[in-house]
Structure formats: structure tokens, C-alpha cells
Amino acid sequence: MVLIDILISGLILGGMYALVAMGLTLQYGVARILNLAYGEVLIASAFATYVLYTGFAISPLLGLLIVLPLAFAANWLIYRVMLTPLVKRARNRVTLEIDSILATFGLLFVLQGIAFVVFGGQYYSYSYLSVPLHLGGSIVSVNRLLALGFAAALGIALYLALTRTRSGTAIRAVAVDPTSAQLVAINVRRVAGFAFALGGAMCAAGGVLTSMFLTFNAAMGVVFTMKALIVVIMGGVGNLLGALLAGLLLGLIETFVARLVDPGLTLAANFALFLAVLLIRPQGLLGRRAS
Amino acid sequence: MLEIRHLSVSYGQHRALADIVLTANRGEIVVILGANGAGKSTLLKAVAGLVSAAAGASVRIRDRELAGDEPHRIVEAGIALVPEGRGIFGDLTVRENLQLGAYAARARDDEARNHARVLALFPRLAERMSQTARTMSGGEQQMLAIGRALMSSPEFLLLDEPSLGLSPLVCRELFAALKEIGASGIGVLLVEQNAKQSLAIAQRGYVIETGRITLAGKSEMLRADPAVQRAYLGAAGAASSTDTPSTD
Ligand SMILES: Nc1ncnc2c1ncn2[C@@H]1O[C@H](COP(=O)(O)OP(=O)(O)OP(=O)(O)O)[C@@H](O)[C@H]1O
Ligand SMILES: [Mg+2]
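(A) The overall build of chain A, seen in detail. The number of helices and strands found in chain A is 11 helices and 2 strands. The principal-axis extents of the C-alpha atoms in chain A amount to approximately 55 × 45 × 35 Å. For chain A, the proportion of its 291 residues judged to be buried stands at 51%. Counted over contacts in chain A with a minimum sequence separation of 6, partners at least 24 positions apart contribute 77%. Counting every atom, chain A has about 12800 Å² of accessible surface; 71% of that belongs to carbon and sulfur. Averaging the coordinates of the 17 positive side-chain charges in chain A and doing the same for the 7 negative ones gives two points 14 Å apart.

(B) Main features of the overall build of chain B. Summing up its helical and strand segments, chain B has 10 helices and 10 strands in all. Its C-alpha atoms give chain B a radius of gyration of 17 Å, within 12% of the compact-globule value 18 Å for 248 residues. Principal axes of the C-alpha set define a box for chain B whose edges measure 50 × 40 × 30 Å. Put simply, of all contacts in chain B between residues at least 6 apart along the chain, 66% involve residues at least 24 apart. About 10400 Å² of surface is accessible on chain B, with carbon and sulfur atoms providing 49% of the total.

(C) Quick peek at the coordination of the magnesium ion (ligand 2). All names here are of chain B. Surrounding the magnesium ion (ligand 2) are the protein donor atoms S41 (OG) and E84 (OE), at 1.9 to 2.3 Å. With S41 in helix α1 (residues 40-48) and E84 in the loop between β6 (79-82) and α3 (94-101), this pair connects stretches of sequence that are 43 residues apart. When its relative accessible area of 13% is taken as the criterion, S41 is described as buried.

(D) Main features of helix α6 (residues 138-150) of chain B. Residues and elements named next belong to chain B. With 13 residues, α6 ought to run about 18 Å at 1.5 Å a step, and its terminal C-alpha atoms sit 18 Å apart, in line with that. Burial within α6 is extensive, with 12 of its 13 residues counted as buried. Among the residues making up α6, those that are buried are G139, E140, Q141, Q142, M143, L144, A145, I146, G147, R148, A149 and L150.

(E) Highlighting helix α8 (residues 188-211) of chain A. For α8 of chain A, built from 24 residues, the straight-helix expectation of 34 Å at 1.5 Å per residue is met to within 8% by its first-to-last C-alpha distance of 34 Å. With 21 of its 24 residues buried, α8 of chain A lies for the most part within the structure.

(F) Molecular detail of the packing of helix α2 (residues 38-56) of chain A against helix α3 (residues 60-89) of chain A. Residues and elements named next belong to chain A. Relative orientation of the contacting elements α2 and α3 amounts to 140 degrees, with a least axis distance of 10 Å. It follows that α2 is oblique to α3 by the angle criterion. The handedness of the crossing between α2 and α3 is right-handed. For the pair α2 and α3, the contacting residues are V41, S45, A48, T49, L52 and Y53 in the first and P60, G63, I66, V67 and N75 in the second.

(G) Broad picture of the site of ligand 1. Residue and element names in this part refer to chain B. Neighbouring ligand 1 are 14 residues, the closest being G37, K40, S41, T42 and E84. At a separation of 2.9 Å, an oxygen atom of ligand 1 approaches a polar side-chain atom of N36. In this structure, an oxygen atom belonging to ligand 1 sits 3.2 Å away from a side-chain N or O atom of Q193. Secondary structure elements with two or more residues in the shell around ligand 1: β2 (14-24) and α1. Per element, the largest residue contribution to the shell around ligand 1 is 3 residues, and it comes from α1.

(H) Expanded view of the sheet that holds strand β8 (residues 187-191) of chain B. Residues and elements named next belong to chain B. With respect to topology, 6 strands assemble into an open sheet ordered β6-β7-β8-β3-β9-β10, the strand pairing being mixed. Two strands lie at the open edges of the sheet, namely β6 and β10 (212-218), each paired on one side alone. Across the sheet, the mean angle from the axis of one strand to that of its neighbour is 15 degrees, orientation sign disregarded. Sheet analysis places β6 next to strand β7 (residues 156-160), joined by 4 bridges and oriented parallel. In the strand pairing of β7, I79 is matched with F156.

(I) Main features of the interface of chain B and chain A. Between chain B and chain A, the residue contacts involve 25 residues of the former and 21 residues of the latter. The junction of chain B with chain A conceals about 2000 Å² of combined surface from both sides, 62% of it contributed by carbon and sulfur atoms. Of all residues in chain B, the largest losses of buried area upon contact with chain A belong to H72, F89 and Y103 of chain B, amounting jointly to 30% of the total for that side. At the surface where chain B touches chain A, the tally comes to 3 salt bridges. The salt bridge partner of E96 of chain B is R172 of chain A, with a shortest N-O separation of 2.7 Å. For the side of chain B that touches chain A, the secondary structure elements donating two or more residues are α2 (71-77) and α3 of chain B. The residue makeup of the side of chain B that touches chain A, split by class, is 13 nonpolar, 4 polar and 8 charged.

(J) Focus on unusual backbone geometry. The backbone phi angle of R32 of chain A is positive, close to 60 degrees, even though this residue is not glycine. Considering the arrangement of structural elements, one finds R32 of chain A in the loop between α1 (2-29) and α2. Overall, R32 of chain A belongs to the buried group, its relative accessible area being 10%. Located in the positive-phi region is R86 of chain B, a residue other than glycine, with phi close to 75 degrees. Among the structural elements, R86 of chain B can be located in the loop between β6 and α3. When its relative accessible area of 17% is taken as the criterion, R86 of chain B is described as buried.

(K) Summary view of a nonpolar patch on the surface. Residues V2, L3, F256, L260, V261 and L265 of chain A make up a contiguous nonpolar surface patch of about 570 Å² in total accessible area. Within the fold, V2 of chain A resides in helix α1.

Analysis parameters
- Residues numbered from 1 in each chain as written.
- Chains lettered and ligands numbered in written order.
- Predicted model: local features only at pLDDT ≥ 70, side-chain atom pairs only at ≥ 80, totals over all residues.
- Heavy atoms only, no water.
- Helix = DSSP H or I, 4+ residues; strand = E, 2+ residues; numbered from the N terminus.
- Buried < 20%, exposed > 50% of the residue type's maximum accessible area, 1.4 Å probe, protein only.
- Contact = heavy atoms within 4.5 Å.
- Areas by Shrake-Rupley, 256 points an atom, 1.4 Å probe, with all protein chains shown as cover.
- Lys, Arg positive; Asp, Glu negative; His and termini not counted.
- Charge placed at Lys NZ, Arg CZ, Asp CG, Glu CD.
- Rg over C-alpha atoms; globule rule 2.2 N^0.38 Å.
- Donors = N, O, S within 2.8 Å, 3.2 Å for Na, K, Ca; no water.
- Expected span 1.5 Å × (residues − 1).
- Axes fitted to C-alpha atoms, helices over the stretch in contact; angles between N-to-C directions.
- Parallel < 35°, antiparallel > 145°, perpendicular 65-115°, else oblique.
- Left-handed = near helix turned anticlockwise from the far one by under 90°.
- Near = heavy atom within 4 Å.
- Polar contact = N/O pair within 3.5 Å; in protein donor to acceptor, adjacent residues only side chain to side chain.
- Pairing = 2+ DSSP bridges.
- Buried area = accessible area lost by both parts, 1.4 Å probe.
- Salt bridge = Lys/Arg side-chain N within 4 Å of Asp/Glu carboxyl O.
- Nonpolar A, V, L, I, M, F, W, Y, C, P; charged D, E, K, R; others polar.
- Patch = residues over 30% accessible without salt bridge, like charges linked within 9 Å, V, L, I, M, F, W, Y side chains within 5 Å.

Structure below.
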């Protein structure tokens, strides 16, 4: 049952990618901040979960209730203190993008440095609900299934909040047309700050959930940033469903290549897929060409 | 009353508006005429807070000073702009566009009533609530843009060339709707190239030339003015002039 095995593993991995990318697409698509320190937030959350679990016996799933609000607050603060001055002085979207890349590149090293000082360079993991479960002839551990379930619940909740509420619609309005958003009394900078914080919380959720079954270390953030960025661009910047679709696709293809071809080729497969999408649909799978 | 005084705007070295003085009352339609590049859009943008005016400018509504305020606060104060090119959210549905129109805190209490009013004014929107805005015709998009602005319960509605690119039939519908909006007690500041139809529904008007107001008065007076006739109404002898807007 290799195929079912690959399917389940791929979906779990892809679900994590999708969740993490949804957060990045909020930050990049709404707040227009290309956050290079995104993966560090994920790793920080993984470490926080580790500390809560091993130090205070707080389970990772309960830890979500602590880590998510903290990440939201921290990201909001980062936006307010570090990024708002850039937003204010940016003459247009391009200058803001460049400024934010430089600023968050700096933030990346700060956060990574702190992680190295506190935790060193070694790999961390903990065992939580790693109970094998038989599923259609293949074996999955419970913690992976739980992670996928929580990722799906969070993703659905975010999607519904963005599409079914006025505040959510306002967030999408800022993503598609910030100037017009001002004309319907939306405080664009405030909504952008909120979206940035919300994106950071989604990223933290990704960190908590992946830490339940993946080993991690202080240097791994950049890998997640890169993959999230690939997924966001593949899906179409600012497009939640696009991020979902691209995330699942990436997870499945990675797993497929790792199992059936060669584990060393997963990164190459990643970029092959990325390139193919860029060549065939530069605006992303579900993105729209800028008019 | 909307009171604009000493409003000047520069884009870098280029002065686009110089010392504009203009007033509009609630329930009144005021038209602003001017050739391409005269500064009409700049005037509306400055009032809405999208471009910043030079120091010394004053934009008052009910004695509240709005010059220098941020755009979202100006909407909250009761001024809604329908910009050049409509500015609707193309990716969102008609329903979502209207819902966002009532995002302002001032609009929440009257949301249901304004919604009913907009649909009464533009019945065609009612059939298209779930349609993505960008897929609608130009006329329908303009109706949506005006409807969205009305959802914010404005005291003053600013419109930047709403009839641009619309067929004569749709144009007539549009001007009829604007007349109704004015009659409902909202002040309308209307920038138009279609001088004939806009002067027909307006009570007063201003003519802007290269950033300055050169003429102001009642609509009948403007209609009778030879210079206005020549430049904007396509009177005989100037019909071939390139900057004469078509009046259908
Ligand atoms: N963002 C800008 N930067 C520099 N100059 C500008 C800008 N916007 C407008 N201008 C200039 O300011 C002047 C007034 O422009 P504005 O758009 O207000 O004219 P308008 O009367 O609305 O013209 P039209 O009828 O073509 O819409 C023009 O000379 C224009 O070139
Ligand atoms: Mg204009």
C-alpha cells in the first residue's frame, strides 16, 4: 500500500505547507510585507511548544492556546514598531517591498541568533501521541493525523472568517485595492497590521503542529520561509485557496519523489514544480493577472 | 454645508490647483466643468484626503475641519468619493462591495435602509448580488460604485466623471439617478465632461481652468455663457475643437 502511504504522508506534509503559506499570503498579500523572518517565527513557536511540553507538561494542542495569541501580539508589535515607519515613508508598493525585505532579513538574523544562543544548533524533538494507527493498510501516527486535523480546522476557520464577515471582507478589500479601501472608511494601516499579526499566528500554528512530528533546530527557519514563499507564489499572492491548493500539491509531490525516486531530489522537485508554474501561469494557479 | 477654501495642491513642482474656493449645500447638485488636466480630479481627491493640500487649505463640513485628515476619517465625517475609474473591488461580489460601503461606523445603523434605497435606485444591482463586480458592464459597475458610496450614509457625494464611457441610454439613467440622490438631501459634487446633461440636473456650477476657478454661478447662467457654450456645450463654430467633449 505504498500509494496510500504516500497519499496520507503527502497530505499531512502538504496540509502543514498550506497552513503556513496561508499565513504568509496574508502578510504578503494584504500587508504587502515580504517577511523573510517568517520561518523564524515558525521555529520560535516550535521551541515554545517544546519548552511548554517538556518543561511544564502542557500538551502541544493546549499550547496552541498560549502560543497563538503570543505570536499574534508579537507580530502586531513587529508591524507597529519596525514596519510602520517603512509603510509610512514608502512611496509605492515596490519601495515597501524592498524595504520590508531588507528589514525582515535583519530580523531573521536577530531571531535566529537568539534561538542559537538559547537552544544551540542541535536538533530537537519530543514524543507526543506517537501512537501508530492502522489506516487503509498503512500506518500513521496519531500526532500526525491530529496535526492535519487542526491545520484543516484552522485553515477552514480562517477562510470562513475572511469570506463571511465584514472585517474579513475588509481584509480582502485591502489586498485587492488599498486606495479604494480607504474610500470605504477602512483604516488600511490598521487592517494591514491586523493581517500581519493574523498571518504570524497562522505561522505559529504551523510551528506548533509540525513540532509534534518533525525534528527541528534553530537554523531551519529559512527552509520554511522558502517553501512558504514558493507555495504563496504558486498559488497566487494573496489567494487563500491558491495557497491551500499549492501547499497540498507541494506536499504530495515532495513525498512522492522522496519515496519513489530519491529523497535527495525533493528540493529539486520543489523547484521544478515552482518553475513550471511560473512559466505556465506566472500569476499563480488561482491568481489573476494584474490589470 | 461643505466649504472649501484656499485649497492648493502641487505635484512636486507642478501646481495643479491654486486657491480654490467652493461651497456646496446638502440637497444641491454642483457641477464642476473643465478641460482635461484642469485639476478636477485633483480637487475631488484633495477633498477626500487622497492627495494632500498645501498648508492653509480648509475643507469644512458642519464646521468640522477635515483638511489634512486621513481618507478613512473623511468618509466617517460624511464625504464619499466615487473616483475616476470607479474604484470598485473587482474581485469581490456586488453584495460584498455594498457591504463594505457600510464599513464606516456612521453607516451601520442605517445599513438596511441604505441598502434598500440603493436597490430602489439601481434595480439592476438587485439581480446581480452574487456576481463578481469586474464581470459586470461599465454601466452596472458605475451604479455599483455609486451604490457603494451611498452605503456610507454620506452627507456629500463626490463623483469623478461617472458618465465616462457609458452609452447615451445608460447615461440618461445615471443622471436621473443623480438627480434623485440630490433630491433626497445629499449634496452632490459632480465632475463631468458631459456638460449638457450635468448642467441640466445641477443647480450651480464651477468652471476650472488650469487649476483655477474662472467662472461660478447658477446652471442657467453657465448654460447661457458664451465661453461655456463654446468650450463645453459644443456650440456652433467650436464643434471641431479637440477638447470639446461629446454631448451625445
Ligand atoms: N499623480 C500625479 N503626479 C503628477 N502630476 C499629476 C498627478 N495627477 C495629476 N497630475 C497633473 O495635475 C494636473 C491636473 O490633473 P487632474 O487629473 O486633476 O485633471 P482633470 O481635470 O481631472 O483631467 P481629466 O479631465 O483628464 O480627468 C494635470 O496637469 C496632471 O498632469
Ligand atoms: Mg480627472
